[in-house]
Amino acid sequence: MARLTLDSLAMTYGHGDPILHDLSLAVADGQLVSLLGPSGSGKTTTLRIIAGLLQQTSGTIKVDDEDISRVPVYKRGLSMVFQSYALFPHLTVFANVAYGLKRQKLSKADITAKVTAILQTTGLTDLAERYPQELSGGQQQRVALARALVVDPRLLLLDEPLSNLDAKLRVAMREEIRRLQLQLHTTTIFVTHDQEECFAISDKVAVLNQGKIEQYAAPEEIYHHPQTEFVARFIGFENFLPVNGTVADHAYRVGDQTVAVAGPTKPDAKVLTIRPNQIQLSPDDQGLSGQVTIRTYLGSAYRYTVDSPLGTLQIDGPTETPVAIGAPLHFTLPADQLLPLEA
Amino acid sequence: MQKANRFLLLIPAALGIIVFALFPLIQIAIPTVTSGANPIALYTQFLQSNYDLQVIFRTLTIATVTTVITVLLGLPTALWISRQSVSWRQFLSVIILFPILTNAVVRNFAWIIILGKNGVLNNMLQALHLISAPLTLLYTNTAIVIGSVYLFLPIMITTLVDSANGLNPEIEEAAAVLGARPFTILREIILPQMAPAILTGAILVFSGAMTAYTTPQLLGGNRHLVMSTLIYQQAMTLGNWTNASVVAMVLIVLSLIVLGLLRWYTGRLDRRVDHA
Amino acid sequence: MLDRHNHVLQLIGVIVLALLILPLGIVVVTSFGTEPTISFPIKGFTLAWYANIWTQPAFVDGFQSSLTIALLASLLALLIGVPAVYALTRFDIPQKAWFQTLFLSPTLIPEIVIGFALYQTLVIAWRLPLWPSLLIGHLLLCLPYVIRLVTSSMLHLDPHIEEAAWTLGTSRPRAFFTIVLPNIRTSIVAAFMLCFINSFNNIPISLFLNGPSQNMLPTAILNYLQNNYDPTVSALSVVLMLFTAVLMLLMEKLLGVGALTTTETN
Ligand SMILES: Nc1ncnc2c1ncn2[C@@H]1O[C@H](COP(=O)(O)OP(=O)(O)OP(=O)(O)O)[C@@H](O)[C@H]1O
Ligand SMILES: [Mg+2]
């Protein structure tokens, strides 16, 4: 239960290239913030620096008003759940969960009480005497979570905790994590590269790209108003139309076409972006026209790759009326859905 | 393929071992029970002799101390090796392997040079004026222990490196995050995980050190006999073959008991490992 | 953390490595000394002790017989060990565990006892000459290595590939030589190497089966050390270390880098 403030963190491994540059982030008390980014963007590095498992090259980490930048890992009073769960293979579930409390030199009775309670909350009571190898992946995940939560950490760090689970369990477990996090009001950093997962459970999302935060906002904000092309691409915008000027205050030039938008134009806009399912198919002889070159079936829709005067576009269409490859496709770009991006 | 043919493939090896290992063993065991007043007379006589008991005690003590020292030195070394980069690890493993494959006489000979009256160590200590007269280092129990440690440490290290390479570093990090300091991690997290390998190494070292001949022969001399050198002395110097056989039988039984105990203990640890 | 930068681990590791290497280094240095007895540090420099090795018939003969016995024992161990392993891993033999124990039982008998028992039985009772007795002793030493290494690689080998060969009309023995053998080659080479090295270096078994007419190199050195303390043994040790190094190189060439560091213990 605490605030976390990262101030201009930078990290370089050995003599290599910098992995993190000037990374700053403020997490409010009791919030769950996700670090979202592609592989290699520095999510794990950031998390390990917060935990104290890595020493940053520069920058500071504060929990509430305490600067923990140089505090050794075993004194930081945080908790972490690892991708591999990292359960102690030689200890039972009970002893695994009790480990952190034992380190805090609590009395036996206190330890037993707290462990019993958290095992109850996480539904592990019946498994208390098992060894980790005797548990399923989902159960191991729960133990890792219980072990991290039982110490009542100031901060909970989760590094892709769900990536080893099958799709169904992932959904169940992420809800479980969110439920426990809200119940215990634990400030939490959740690392993932799965946007659906992080949107589902986060208060705020920080999108990481090559060691920099591209955008830090609530999931809804990120979903509807990505600020950079990178963020937009990462969360499913597939169409990026290069802008080479504005037309009055309501439209942009794209190639030799004019594309109208809602609201005033931004002089610095570089691209216009729109999701495939936001482009509307229109009756023949209306709107723009292109030729279908590829068609993929997505289950709920067809996705067409279309050669159009605006360039190659990804457009979703209904499954009831398929358009053949090679056939023309007519569409309009709804002015209120087009998003101009400045970077 | 016919049943008979299957056994045909097994027969040379089986027969070889029965005829050339088990039969000779029985052959030397028989006189030990037939030549005394009663079947156990020679054994009780052996176990009542102070001198012989001393040899047994020396044998077991040397093997135990050797095992403990190899674990104490081998464990940190193995951890250190397992935490190097792959190429370094390979280089270090080759360095460890080299002594294992080098003749034991050569390896013990090195310690004769070091521990002798005018040996490297005495010369060095005298040059540093730490001692005025040479110490008696060679032909002592300590010398045998040093030689045995030198002989078996690489085997212990190799065994432990294999196991340490399999440790998941995230498990140690998880303990650190929960408040464990490095030494606590070593004691509570690393050691228990490596316990089966430590026992495997201990079995190899103990049985090796207990039955080794060359080291006690070269570094212990005639005054510090262990069971294996006693067997040789009884048989070849004193020509007392039945006595030699008695010692041989006791040595086999003792080493089987110790191995059995260590294996039993390893088995108890297996619950955690088996399901992995 | 206990990583590679941990100073305590590093300190112990470096000291232990030094303790493992330095003694052998001292032996190397003493082999070049000019004094008639071994001294360190050395005065002067000579290669005379290396020349002296060849004037000792016990060493020259010993080297020859050690080499011959080690080669023969290793080959024989493979010759009787591999068929036995094949039978145990591919046929449904009811007494499988019993045979396994039997084959590994020589490792439970201290080598010195094996040597003594063979001496009593083969040499004294059966009046067998020393040479075949020695060969038998070393064969007993080698057999468990073959059984262990080859069994584990046979267990890793998919039995179906052999069956595939039979369905293609290959006879069982032919399938063994053309399909199975090439696939367990590594373990066979490794077993051979280990057998060879262990036999070549063995003392306790050879000890009793030695005689004026029959010398083995390690026991010859042992005998020489009883009466002499001159750098000839240092020189011979250096030669043996070079021999070990060549064997290791050979092993690496034949089996690859990884094999060198993993075969010894299992
Ligand atoms: N120990 C290390 N030494 C050198 N470079 C490293 C080390 N660990 C990570 N890196 C590099 O740092 C960058 C960021 O790695 P990091 O593990 O933080 O990425 P990530 O966002 O967690 O990726 P993933 O989604 O794949 O887990 C990568 O380019 C990686 O190669
Ligand atoms: Mg990562």
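Remember, predicted model here, so these are calculated numbers, not experimental data.

(A) Summary view of the overall build of chain C. Each helix and strand in chain C was counted, giving 13 helices and zero strands. Listed N to C, the secondary structure of chain C is α-α-α-α-α-α-α-α-α-α-α-α-α in terms of helices and strands. Along the longest, intermediate and shortest principal axes, the C-alpha atoms of chain C span 75 × 65 × 30 Å. Counting every position in chain C, which comprises 266 residues, the buried fraction comes to 54%. Taking all contacts inside chain C whose residues are at least 6 apart in sequence as the whole, residues at least 24 apart take part in 70%. On chain C, roughly 11500 Å² of surface is accessible, and the fraction owed to carbon and sulfur atoms is 68%. Between the averaged position of the 10 positive side-chain charges in chain C and that of its 11 negative side-chain charges there is a distance of 6 Å.

(B) Molecular detail of the interface of chain B and chain C. Counting residues at the interface gives 84 residues for chain B and 80 residues for chain C. Of the roughly 7600 Å² buried where chain B meets chain C, counting both sides, 82% is carbon and sulfur surface. In this structure, the connection of chain B to chain C is made through zero salt bridges. Joining chain B to chain C, the criterion identifies three residue pairs in polar contact (both at pLDDT 80 or more). Split into classes, the residues belonging to the side of chain B that touches chain C amount to 61 nonpolar, 18 polar and five charged.

(C) Just the UniProt feature "transmembrane region" (unreviewed entry) in chain C, in detail. This chain's UniProt record puts "transmembrane region" (unreviewed entry) on residues 12-33, 67-89, 101-122, 128-147, 188-209 and 229-250 of chain C. What you have in residues 12-33 of chain C is 86% helix and 0% strand, and the ends, taken at the C-alpha atoms, are 32 Å apart.

(D) Up close: the confidence of the model for chain C. All names here are of chain C. Mean pLDDT over chain C works out to 90, with 95% of the residues at or above the 70 mark. Mean pLDDT values for the elements of chain C range from 56 in helix α13 (residues 257-262) up to 95 in helix α3 (residues 57-90). Model confidence for the complex is summarised by a pTM of 0.87, with the ipTM given as 0.91.

(E) Expanded view of the site of ligand 1. Residues and elements named next belong to chain A. Within the structure, ligand 1 sits among Y13, I19, P38, S39, G40, S41, G42, K43, T44, T45, E160 and H193. In the model, an oxygen atom of ligand 1 is placed 3.0 Å from a nitrogen or oxygen of the G42 main chain. In this structure, E160 approaches ligand 1 through a side-chain N or O atom, which is 3.2 Å from an oxygen atom. For ligand 1, whose free accessible area comes to 640 Å², the fraction covered by protein is 57%. In terms of residue count, helix α1 (residues 43-51) provides more of the shell around ligand 1 than any other element does, three residues in total.

(F) Structural detail: the sheet that holds strand β19 (residues 311-317) of chain A. Spatially, the five strands line up as an open sheet ordered β16-β20-β17-β18-β19 (chain A), and their pairing is antiparallel. Where the open sheet ends on each side, the last strands, each with one partner, are β16 (280-281) and β19 of chain A.

(G) Fine view of the nonpolar core. With 254 residues, the main nonpolar core has I231 of chain B together with F103 and V113 of chain C as its most contacted residues. Residues in contact with I231 of chain B, not counting those within four places in the same chain, are A244, V247, A248 and L251 of chain B together with I112, V113, F116 and F208 of chain C. With 22 residues, the next largest nonpolar core counts V254, V261, V306 and L310 of chain A among its residues.

(H) Representation of unusual backbone geometry within the structure. With omega at 0°, the peptide bond leading from F40 of chain C into P41 of chain C counts as cis. Not every positive phi belongs to a glycine, and E160 of chain A is a case in point at roughly 40°. On the secondary structure map, E160 of chain A appears in the loop between β7 (156-159) and α5 (167-184). Judged by relative accessible area, E160 of chain A falls into the buried class, the value being 10%.

(I) The arrangement of the UniProt feature "domain: ABC transmembrane type-1" (unreviewed entry) in chain C in detail. Mapped onto this numbering, the UniProt entry annotates "domain: ABC transmembrane type-1" (unreviewed entry) at residues 63-251 of chain C. For the annotated span residues 63-251 of chain C, helix accounts for 81% and strand for 0% of the residues, and the straight-line distance between the end C-alpha atoms is 21 Å.

(J) Summary view of the packing of aromatic side chains. Per the stated rule, a full pass over the model turns up 27 aromatic pairs over all chains. Each ring, one from W98 of chain C and one from F99 of chain C, has its centre 5.5 Å from the other, and the planes form 85°; the classification is edge-to-face. Judged by centre distance (6.0 Å) and plane angle (35°), the rings of F99 of chain C and F103 of chain C are tilted. Of this pair, F99 of chain C and F103 of chain C both sit in helix α4 (residues 96-104), four residues apart, which is roughly one turn of that helix. Note on accessibility: F99 of chain C and F103 of chain C belong to one class, buried. An aromatic cluster is defined as three or more aromatic residues linked by ring pairs; in this entry it consists of Y213, Y232 and W241 of chain B together with F116, Y119 and F208 of chain C. The ring of Y216 of chain A has K204 of chain A lying over it, and the distance from NZ or CZ to the ring centre is 4.2 Å. The ring of F237 of chain A has R275 of chain A lying over it, and the distance from NZ or CZ to the ring centre is 4.2 Å.

(K) Fine view of the pairing of β7 of chain A. All names here are of chain A. A two-sided burial pattern is seen for β7, the buried positions comprising L156 and L158 on one face and L157 and D159 on the other. Summarising the sheet, strand β6 (residues 79-81) and β7 pair through three bridges and their orientation is parallel. Counted as the bridge partner of S79 is L156 from β7. With α5 bridging β7 and its parallel neighbour strand β8 (residues 188-192), the resulting β-α-β unit is right-handed.

(L) Just helix α5 (residues 104-115) of chain B, in detail. Residues and elements named next belong to chain B. Here α5 spans 16 Å end to end across twelve residues, near enough to the 16 Å set by a 1.5 Å rise per residue. For α5, the tally of buried residues reaches twelve of twelve residues, placing the bulk of the element in the interior. N-cap assignment for α5: the residue whose side-chain oxygen lies 2.9 Å from the backbone N of V105 is N103.

(M) Structural view of the sheet that holds strand β13 (residues 251-254) of chain A. A sheet is described by the order of its strands in space; here three strands give the open sequence β12-β13-β14 (chain A), paired in antiparallel fashion. Two strands close off the open sheet at either side, each with one partner strand: β12 (246-247) and β14 (257-260) of chain A.

(N) Region of interest: the pattern of salt bridges. Residue and element names in this part refer to chain A. Taken as a whole, this structure holds 17 salt bridges over all chains when the rule is applied. The closest approach of N and O atoms between D316 and R303, which form a salt bridge, is 2.7 Å. Here R303 lies in strand β18 (residues 302-308) and D316 lies in strand β19, a separation of 13 residues in the sequence. Here the two residues D316 and R303 agree in accessibility, since each one is buried.

(O) A look at helix α2 (residues 93-103) of chain A. Along α2 of chain A, eight of the eleven residues are buried, which leaves the element largely enclosed by surrounding structure. The set of residues buried in α2 of chain A consists of V93, N96, V97, A98, Y99, G100, L101 and R103 of chain A. Packed against the buried residues of α2 of chain A are α3 (108-121) and α4 (137-149) of chain A together with α8 (169-177) and α9 (182-211) of chain B. Note on α2 of chain A: the residue one or two positions beyond its end, K105 of chain A, has a positive phi of about 60°.

(P) Region of interest: the state of the cysteines. Considering all chains together, one arrives at zero disulfides over all chains under this definition. Looking at C142 of chain C, it has no disulfide partner, and the nearest cysteine sulfur is the one in C195 of chain C, 4.0 Å off.

(Q) Focus on the environment of F331 of chain A. Tracing the chain through its elements places F331 of chain A in strand β20 (residues 328-332). In sequence terms F331 of chain A and S282 of chain A are 49 residues apart; their C-alpha atoms lie 4.8 Å from each other.

(R) Region of the structure containing the side chain of D159 of chain A. All names here are of chain A. Within the secondary structure layout, D159 lies in strand β7. In this structure, D159 is buried with no salt-bridge partner, the nearest side chain bearing the opposite charge being R48 at 6.7 Å. Beyond its immediate stretch of four places on either side in the chain, D159 contacts T44, L47, M80, V81, F82, Q83 and V191.

Cut-offs and rules
- Residues numbered from 1 in each chain as written.
- Chains lettered and ligands numbered in written order.
- Predicted model: local features only at pLDDT ≥ 70, side-chain atom pairs only at ≥ 80, totals over all residues.
- Heavy atoms only, no water.
- Helix = DSSP H or I, 4+ residues; strand = E, 2+ residues; numbered from the N terminus.
- Buried < 20%, exposed > 50% of the residue type's maximum accessible area, 1.4 Å probe, protein only.
- Contact = heavy atoms within 4.5 Å.
- Areas by Shrake-Rupley, 256 points an atom, 1.4 Å probe, with all protein chains shown as cover.
- Lys, Arg positive; Asp, Glu negative; His and termini not counted.
- Charge placed at Lys NZ, Arg CZ, Asp CG, Glu CD.
- Buried area = accessible area lost by both parts, 1.4 Å probe.
- Salt bridge = Lys/Arg side-chain N within 4 Å of Asp/Glu carboxyl O.
- Polar contact = N/O pair within 3.5 Å; in protein donor to acceptor, adjacent residues only side chain to side chain.
- Nonpolar A, V, L, I, M, F, W, Y, C, P; charged D, E, K, R; others polar.
- UniProt positions renumbered as here; feature names shortened; annotations may be inferred.
- pLDDT = per-residue confidence, 0-100.
- Near = heavy atom within 4 Å.
- Pairing = 2+ DSSP bridges.
- Core = buried A, V, L, I, M, F, W, Y, C linked by side-chain atoms within 4.5 Å.
- Phe/Tyr/Trp six-rings, centres within 6.5 Å; stacked < 30°, edge-to-face > 60°.
- Lys NZ or Arg CZ within 6 Å of the ring centre and 35° of its normal.
- Right-handed = clockwise from strand over helix to strand, strands pointing away.
- Expected span 1.5 Å × (residues − 1).
- Disulfide = S-S within 2.5 Å.

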